[in-house]
Each structure stands twice: as C-alpha cells, then as structure tokens.
Amino acid sequence: MEAFVQDHEASIRLSFFLGIFAVMALWELSAPRRALTASKAVRWINNLGLVALNTVILRLLFPAAAVGIAAFAADQGWGLLNYFQTPAWIAIPAAVIAMDFVIWLQHVTVHAIPLLWRLHRVHHADPDYDVTTGARFHPIEIILSMLIKSATILLLGPPIVAVLIFEVLLNATAMFNHGNVRLPTGIDRVLRWFVVTPDMHRVHHSVEDDETNSNFGFNLPWWDRLFGTYRDQPRAGHEGMTIGIHGYRAPREVSWLPGMLMLPFRGRITGYVINRRQWSEAQGIRE
Ligand SMILES: [Zn+2]
Ligand SMILES: [Zn+2]
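This write-up is about the structure you can find in this document.

Some points on the nonpolar core
Link 1 in the chain: Of all hydrophobic cores here, the largest spans 27 residues; its most connected members are M99, I153 and V163.
Link 2 in the chain: Within the residue set of this core, elements represented by two or more residues are helix 3 (65-76), helix 5 (88-112), helix 7 (139-156) and helix 8 (160-177).
Link 3 in the chain: Of all the elements, helix 8 adds the most residues to this core, at 8 residues.
Link 4 in the chain: When neighbours within four sequence positions are excluded, V163 is seen to be in contact with A66, V67, A70, M99, I153 and P158.

A look at the coordination of the zinc ion (ligand 1)
Link 1 in the chain: The protein atoms that coordinate the zinc ion (ligand 1) are H107 (NE2), H111 (NE2), H120 (NE2), H124 (NE2) and H204 (NE2), at distances spanning 2.1 to 2.2 Å.
Link 2 in the chain: Each donor residue of the zinc ion (ligand 1) belongs to the same chain, with the gaps between them written as H-x3-H-x8-H-x3-H-x79-H.
Link 3 in the chain: The metal-metal distance between the zinc ion (ligand 1) and the zinc ion (ligand 2) comes to 5.6 Å. Placement of the pair is H111 in helix 5 and H204 in the loop between helix 10 (198-202) and helix 11 (209-212), with a sequence separation of 93 residues. The exposure classification of H111 matches that of H204, with both residues buried.

Notes on the packing of aromatic side chains
Link 1 in the chain: Tallying each qualifying case throughout the model produces 11 aromatic pairs.
Link 2 in the chain: Arranged with centres 5.4 Å apart and planes meeting at 90°, the rings of F72 and W78 form a pair that is edge-to-face.
Link 3 in the chain: Between F101 and W223 the ring centres are 4.8 Å apart and the planes differ by 50°, which places this aromatic pair in the tilted class. Taken as a pair, F101 in helix 5 and W223 in helix 12 (residues 222-226) lie far apart in primary sequence, 122 residues in all.

Parameters at a glance
- Along every chain, residues carry numbers that run from 1 in the direction the sequence is written.
- The lettering of chains begins at A and the numbering of ligands begins at 1, in the order of writing.
- With pLDDT at 70 or above as the cut-off, local features in this predicted model cover only qualifying residues; side-chain atom pairs require 80 or more to be listed or tallied, and sums for whole chains, interfaces and linings still use all residues.
- Here the side-chain values reflect all heavy atoms present in the structure, with hydrogen atoms and water set aside.
- We call a set of buried Ala, Val, Leu, Ile, Met, Phe, Trp, Tyr and Cys residues a nonpolar core when their side-chain atoms join them within 4.5 Å.
- Burial here depends on accessible area, computed with a 1.4 Å probe over protein chains only, as a share of the maximum for the residue type. Under 20% is buried, over 50% is exposed, and the range in between is partly exposed.
- Under the DSSP-based scheme used, a helix requires at least four consecutive residues in state H or I and a strand at least two consecutive residues in state E, with every element numbered from the N terminus.
- Contact between two residues is taken to exist if any of their heavy atoms lie within 4.5 Å; hydrogens are not considered.
- Counted as coordinating are nitrogen, oxygen and sulfur atoms within 2.8 Å of the metal, or 3.2 Å for Na, K and Ca, while water is not included, which may make sites look incomplete.
- Think of it this way: a Phe, Tyr or Trp ring, Trp meaning its six-membered ring, pairs with another when their centres are within 6.5 Å, and the plane angle makes it stacked under 30 degrees, edge-to-face over 60, tilted otherwise.

What follows is the structure, given as structure tokens:
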C-alpha cells in the first residue's frame, strides 16, 4: 500500500485534479453564479499556465514530493505519530485535520505579514472567481508552502496515505470552493459545517478588506468559526460584491501570466494586510 502510494502519487493526484476540474468547469459553464469580467479563454490560458509552471517547479525542487518526505520520516521514526506508533485509524484522520490546521494558519500568516501578502496578492488579484482561481498562486508562495508542509510532516510523522488523502482533498475542495457556481441556500448552510463552500470562500475574495480578512479555510470550515474569523455572507451579496484587490485592475497585471509573476514586486503594501488596516468614518458600518 505504502509503496503503491509512493509510486503512483503523481498520477493519482493528476487524475483527481482532471476529474474534479472537468466537473467544476462544466458546472460553471452551464450555470455560472456571476458574470465574468475577463474572457474565459484569457483566464484559463493564464491561470492554468501558472499552475503548469508551478507543477514543473515543484517537481524539479522536490522530486520526492510530500509523500516522499512522509516515507523518510517513517523510516527515521521521526514525528509525533511515528514516535508514539499511533494506530492508522487514529493517525490518518488526526494527520489530515492537523495538516489542514497548519494550512489555515499559513493562510492567516500570509495575510498578516506584509512581505508575504505581496506573494499572496497574486491569488487575490484575480478579478474573477472560478475553478482556475483555486490553483492560482505565485511560484514563491508555492515553494514556501511546500517548505512549511515538509516541516509539518517531519514534526508530525503522518502516515503516507494521510499525506496523499490530504493533498487530494485540499486540491479537490479548493477547486470546489472557488467554483463560480450556486448551491441551493439550504444545502450550502448544512454543507458549510463540514466543508468550505463556494459562497463561504467567495467572501474571502471581496475587495473589502474586512471581508478579505475572514474565511481563511480552504478545506475544513471549523477553524474560522473557532478563531472568530468566520463571516456568513458578503455585505453586497454574491452577485453585487466586487472580487479582487482595490487598485489592481489592469488586465496586463492581474490577468496575464508575466504581470502576475511580477505582482509581488510592484507598488506599496496595501491596507489589506491585517495589521495595516485603515479604518474611516465612511466605512463605519464595519463591526
Ligand atoms: Zn487569502
Ligand atoms: Zn481563494
């Protein structure tokens, strides 16, 4: 089982990616939630171009991938779960939940630290919101993410299977909750107790800074409720809200790949960063 997972992790992950991508893309085409501001062709070519670039960079820098690091930790007996020889039925769910919490913390961190917000801006500068937004991250943020994930695996010692489940799950839920789709309100309300739904994560892509700095979850919705960063709906409604970052609208900067790659190195740090928020009387409606 362990050897099979290690040998086939790339193809397993790619199959899930393609399958879920196809389902979400068809759903968006048949019943889009919001009208797009940029052409779908431009979005797909550039956002997916960035995904392809990131995939190549990760393969070159980390050929063994996350499951390889988990196998190494298991061999060495490193990490909490290996050290205490935790049975699989506890270790697998515990590891998936723990790794999700680390991703949530990392996401809050990239919003809080000005230098890291520069990188994370690439995800938020997308003027539209669809399945391709879910994988749109600057290569440096992807590398940083991989380093944090590797460190987490070495300290936690998760079963190899748990790492694969976590990666497939995170990829699947990211594509799902960035979908330009509508779920019936009742289903959304129930579902968001178990997984981050499209309406829940869309709030996080609002141009309003207080809405941006809420709903950090990508997969499990509990962390935002637990730590007080949960926000039910955007003030302007899902059709009326503006997606993106104030002042970042030029298609060459936010929609085309070369501009996206340069985005972290441009301009001043904006008020979106949690500790640099600017409050004004005009915005007195904020809590
Ligand atoms: Zn974010
Ligand atoms: Zn997002």
